[in-house]
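So the chains spell out like this:
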Amino acid sequence: MKAATLPTILLLIGLALAPWFGGHVLFDAEPMSGSDFWFSAFVSRTNPAVNHALIATFILLAVAIAAFRRNVLQIPGPLIAGLLFLLWIWIGISVMGSRFKHESILELARYTSYLFTLFACVLLLGRGTLARSALIAIFVGTTLVALSGLNEFMRSMRIAPDWRIFAGWQNPNAVAGLFAVVLPVGVALALSSKQGAERLLFVLGSSLICVGLWLTASKGGLLAAAVGLLALAA
């Protein structure tokens, strides 16, 4: 079994933080005082520039350390890498023509971090157990998001019994998309687990995600999750 190195651990931390801190996109820039800045960045998770930078820091550190230590680097195939590079160039060109330079540059940085994440996964995870560890990291982060959504619903149901949870994301439909993607992953992890305690934790986490998905009241999210579970069962 391939041992987890420091770059791999940094990558796994970044993947776990992605569901927790990655639920907002930048619409406009507003000035904030010091206390508002820290609260929005780390408590309410509504400061996308800082939140995405935090995730990207772990990913970029992982890639930088791995590149420094290795003579040979595994990267995606030439076709995939070339298409992704062309996409990045196209986004960069659109920044030059944008009237909102600050927001556009931040978006370019966000898409750049996405590309680095893909390269980091190919570079560091391989095809063994570390790929499963990456899925577990994303699953753990998503379970925490679901827990925050349940807490939000418990606090809001007295005022609005039909409250749709946001769980720290931009809107209920957005977080429903996250839950719909990760729920089949959690079920697959539970089915593939060989240890009873580990399987129980995956079942518990999947149940929390399922409840969170239901509380978003997103019909599209529920349908997507059903399709994913049917595909898993097929």
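Below or above, wherever it landed, is the structure these notes cover. (Residues numbered from 1 in each chain as written. Predicted model: local features only at pLDDT ≥ 70, side-chain atom pairs only at ≥ 80, totals over all residues. Heavy atoms only, no water.)

## A closer look at the overall build of the chain
Threshold: Helix and strand assignments come from DSSP, with helices taken as H or I runs of at least 4 residues and strands as E runs of at least 2, each series counted from the N terminus. Partly exposed describes any residue whose relative accessible area lies between the buried limit of under 20% and the exposed limit of over 50%, with all areas from a 1.4 Å probe on protein chains only and scaled to the type maximum. The contact criterion used throughout is that any non-hydrogen atoms of two residues lie within 4.5 Å. Surface exposure here means Shrake-Rupley accessible area, sampled with a 1.4 Å probe, where a residue is shielded only by the protein chains that are shown.
Within the chain, the secondary structure is distributed over 9 helices and 0 strands. Along the chain direction, N to C, the helices and strands of the chain fall in the order α-α-α-α-α-α-α-α-α. The principal-axis extents of the C-alpha atoms in the chain amount to approximately 55 × 50 × 35 Å. The buried share of the chain, reckoned over its 234 residues, is 37%. Put simply, 72% of the contacts in the chain that link residues at least 6 apart link residues at least 24 apart. By element, 73% of the accessible surface of the chain is carried by carbon and sulfur atoms, the whole surface being about 13600 Å².

## Considerations on the pattern of salt bridges
Pairing between side chains of opposite charge can happen when their charged atoms approach one another. To keep it simple, the criterion reads: Throughout this description, the term salt bridge denotes a Lys or Arg side-chain nitrogen within 4 Å of a carboxyl oxygen of Asp or Glu.
By the definition in use, this model includes 2 salt bridges. The residue Arg110 makes a salt bridge to Glu107 at a minimum N-O spacing of 2.4 Å. Linking Arg110 with Glu107, this pair stays in helix H5 (residues 101-124), spanning 3 residues, or about one helical turn. Here Arg110 falls in the buried class, since its relative accessible area comes to 12%.

## Details of the side chain of Thr216
Mapped onto the elements, Thr216 comes out in helix H8 (residues 196-216). Residue Thr216 is classed as buried on the basis of its relative accessible area, which comes to 0%. With residues near it in sequence (within four places) discarded, Thr216 still touches Arg164, Ile165, Pro172, Val175, Ala176 and Phe179.

## A short note on H5
Under the convention used in this document: Helix span, expected: 1.5 Å multiplied by one less than the number of residues in the helix.
With 24 residues, H5 extends 34 Å from end C-alpha to end C-alpha; this agrees with the ideal 34 Å at 1.5 Å per step. For H5, the full list of buried residues reads Ser104, Leu108, Arg110, Thr112, Ser113, Leu115, Ala120, Leu123 and Leu124. Gly126 occupies a position one or two residues after H5 and carries a positive phi of about 70 degrees.

## Describing the packing of helix H1 (residues 6-21) against helix H6 (residues 129-156)
Keep this limit in mind: Helix axes are fitted only over the stretch in contact, all axes being lines through C-alpha atoms; the angle between N-to-C directions runs from 0 to 180 degrees. Orientation is classified from the angle alone, with under 35 degrees giving roughly parallel, over 145 giving roughly antiparallel, 65 to 115 giving roughly perpendicular, and any other angle giving oblique. Left-handed describes a crossing whose near helix is turned anticlockwise from the far helix by less than a right angle; the clockwise case is right-handed.
Direction vectors running N to C along H1 and H6 enclose 30 degrees, while the axes themselves pass 7 Å from each other. On the basis of their axis angle, the class for H1 and H6 is roughly parallel. Every pair of crossing elements has a handedness; the one defined by H1 and H6 is right-handed. In contact with Thr8, Leu12, Leu15, Ala16, Pro19 and Trp20 of H1, H6 contributes Leu130, Ser133, Ala134, Ala137, Ile138, Gly141, Thr142, Leu144, Val145 and Ser148.

## Observations concerning the packing of aromatic side chains
To describe a pair of aromatic rings, you give the distance between the ring centres and the angle between the ring planes. For clarity, the cut-off: Classification of ring pairs rests on two measures: the distance between centres of Phe, Tyr or Trp rings, Trp counted by its six-membered ring, which must be within 6.5 Å, and the angle between planes, read as stacked under 30 degrees, edge-to-face over 60 and tilted in between. Two thresholds decide whether a charge sits over a ring: the Lys NZ or Arg CZ must be within 6 Å of the ring centre and within 35 degrees of the ring normal.
Overall, the coordinates contain 4 aromatic pairs when judged by the stated rule. Measuring from centroid to centroid gives 5.5 Å for Tyr111 and Tyr114, while their planes differ by 75 degrees, and the two rings are edge-to-face. Of this pair, Tyr111 and Tyr114 are both found in helix H5, 3 residues apart, which corresponds to roughly one turn of the helix. Here the guanidinium or amino end of Arg45 rests over the ring plane of Trp20, the centre of that ring lying 3.6 Å away.

## Re the nonpolar core
What tends to happen in soluble globular proteins is that the nonpolar side chains get buried as a cluster. To be explicit about the condition: To form a nonpolar core, buried Ala, Val, Leu, Ile, Met, Phe, Trp, Tyr and Cys residues must be joined to one another through side-chain atoms within 4.5 Å.
Counting residues in each nonpolar core, the largest one holds 22 residues, and the members touching the most others are Phe139, Val145, Val175, Leu178, Phe179, Ile209 and Leu213. Within the residue set of this core, elements represented by two or more residues are H6, helix H7 (172-192) and H8. Tallying contributions element by element places H7 first for this core, with 9 residues. If near-sequence neighbours (up to four positions away) are discounted, Phe139 is found in contact with Val182, Gly186, Leu189, Phe202, Gly205, Ser206 and Ile209. If you look at the next biggest cluster of nonpolar residues, it comprises 15 residues, including Leu11, Val63, Leu124 and Leu130.

Just geometry here; none of it tells us what the structure is for.
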